[in-house]
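Letter by letter, the chains look like this.
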Amino acid sequence: MKYGQVIQLSLLKKYNFFVKKKISYFYVLLLLFLSGNPAISIFGNPKIILAIFTFLLFFLIEFNFNKISSDLKRYLLFFVFIFILQIINLSFFSVLGAVHFLFKIMFGYLVLVYCGKEFRKILFNLIYFISFISLICFGLNLIGYNMPIFLNENVFTIIFYNQQVNQLFLRNSGFFWEPGAFAIFLNFTIVIVYDSLKNIRKHKLLIIFLALITTFSTTGYIMFFVILLHLSLNYFKYKVISFFVSIALSSILYFLYFDLYFLNTKVEDQFLKSSQVSKDFSNTRIGSLIFDLHYIKKSPIYGNGLHENTRFEDHKWLINEDQLGHGNGFSNFIASMGITSMLLYLFYLYKSLIQNKFFVLFLIIVALQGEQLLNFPFFLILPFIFRSFVENIIIVDR
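Residues numbered from 1 in each chain as written. Predicted model: local features only at pLDDT ≥ 70, side-chain atom pairs only at ≥ 80, totals over all residues. Heavy atoms only, no water.

A. Focus on the environment of histidine 230. In this structure, histidine 230 sits in helix α8 (residues 218-235). What makes histidine 230 buried here is its relative accessible area of 15%. What histidine 230 contacts, discounting residues up to four positions off in sequence, is Tyr194, Asn356 and Phe359. (Helix = DSSP H or I, 4+ residues; strand = E, 2+ residues; numbered from the N terminus. Buried < 20%, exposed > 50% of the residue type's maximum accessible area, 1.4 Å probe, protein only. Contact = heavy atoms within 4.5 Å.)

B. Looking closely at the nonpolar core. Leu32, Phe119, Ile364, Phe378, Phe379 and Leu382 are the most contacted members of the largest nonpolar core, which has 102 residues in total. When residues in this core are grouped by element, the largest group, 11 residues, is from helix α4 (residues 95-115). In contact with phenylalanine 379, not counting residues within four places along its chain, are Ile184, Phe185, Phe188, Tyr345, Ile364, Leu373 and Leu374. Of all hydrophobic cores here, the second largest spans five residues; its members include Ile133, Cys137, Phe138 and Met147. (Core = buried A, V, L, I, M, F, W, Y, C linked by side-chain atoms within 4.5 Å.)

C. Layout of the sheet that holds strand β2 (residues 155-157). If you trace the three strands from one edge of the open sheet to the other, you get β1-β2-β3, paired in antiparallel fashion. The open sheet has two edge strands with one neighbour each: β1 (149-152) and β3 (162-164). Sheet twist, expressed as the mean angle between neighbouring strand axes with direction ignored, is 30 degrees. Alignment of β2 against β3, held across three bridges, turns out to be antiparallel. Among the inter-strand pairings, threonine 157 is bridged to a residue of β3, identified as asparagine 162. (Pairing = 2+ DSSP bridges. Axes fitted to C-alpha atoms, helices over the stretch in contact; angles between N-to-C directions.)

D. Main features of the environment of threonine 214. Residue position: threonine 214 is located in the loop between α7 (202-213) and α8. Accessibility expressed as a relative area gives 13% for threonine 214, which makes it buried. Each C-alpha atom of the pair threonine 214 and glycine 139 lies 10.0 Å from the other, and the pair is 75 residues apart in sequence.

Any functional reading would require information beyond the geometric quantities listed.
What follows is the structure, encoded as structure tokens:
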């Protein structure tokens with residue numbers, strides 16, 4: 001081969017790598033958009049966007065169904081089986097809703113396939129960028145400036161940052177629909193790069209930490225302190241040191257709960273409201289759990305479906321009320337898809353992890369108590385995100 005041809009091939013290889021890297025960043029960003037950024041509606045119907053880019057990914061990676069992992073096939077087939085049971089037993093079934101649910105899984109999986117080993121690094125860099133933008137915009141909110149784009153009566157946005165205007169006090173929602181969701185994504189990003197934290201530039205971790213603080217999220221704070229406790233138990237060689245660090249962190253969490261107004265009063269308020277649940281439904285974590293128990297008992301195996309006509313069949317007054325019946329993501333998913341679906345999800349998550357199994361399971365269960373995470377592709381494919389890192393890929397932050 002001539003020298004000129006070698007140079008051309010080298011340049012072509014570099015160009016292809018550059019193009020794939022940019023496309024990878026775009027698709028991971030789109031995955032985050034479709035996993036809870038309300039501003040996605042500016043660009044069109046999220047369901048149509050999801051379908052279009054899923055098909056584009058099929059062609060982009062020259063997808064062959066024989067390449068699908070057996071675990072994913074079983075994962076998809078199980079949900080198909082649940083949908084078949086719902087078709088047979090429920091009074092109404094939304095075919096489009098079921099197809100959309102399966103598309104969310106396929107889209108997330110195809111993004112993983114396309115990005116390969118780079119997915120984790122790309123995700124961290126995007127979350128860092130989102131956190132950095134959020135701190136700037138939150139600072140502007142603090143001095144009285146609102147975001148310029150009116151999304152709805154509750155949200156002003158600049159696409160990468162969503163400002164909630166109906167809050168008792170200012171909180172950082174970042175890229176997502178509310179501060180608690182942003183805090184959960186920040187925490188899970190830390191968990192996903194858990195084995196590579198020492199290789200990541202500390203200023204990036206600091207930015208993510210500051211963004212987490214400004215969410216003022218009960219769930220987010222609890223998750224973060226659990227992560228710190230776990231890190232302390234694994235970081236220090238001597239168990240005595242680990243023990244005292246764990247005690248110190250637990251004491252800090254206790255202090256925060258009783259001294260920070262928004263944590264203490266929020267939890268107490270939810271207990272109070274949940275104890276008063278009757279016909280007037282309380283849209284809180286605990287109130288929603290109590291409400292959902294009725295539907296879990298009614299159909300424990302295959303659930304009551306994704307459509308509100310069957311999901312709230314015994315409470316017709318809740319239909320078309322978007323904010324009601326959705327205060328607890330854990331119980332809502334069980335009420336919609338059955339206990340078996342939740343057990344399958346947790347089993348796949350457990351199976352995908354080489355270590356820290358119960359630690360991650362605990363975090364996802366805590367996170368689901370407040371947010372509808374399993375409505376979104378990122379969390380539906382979380383087991384496969386962890387599974388794709390079984391080779392213990394190390395991030396080198398450049």
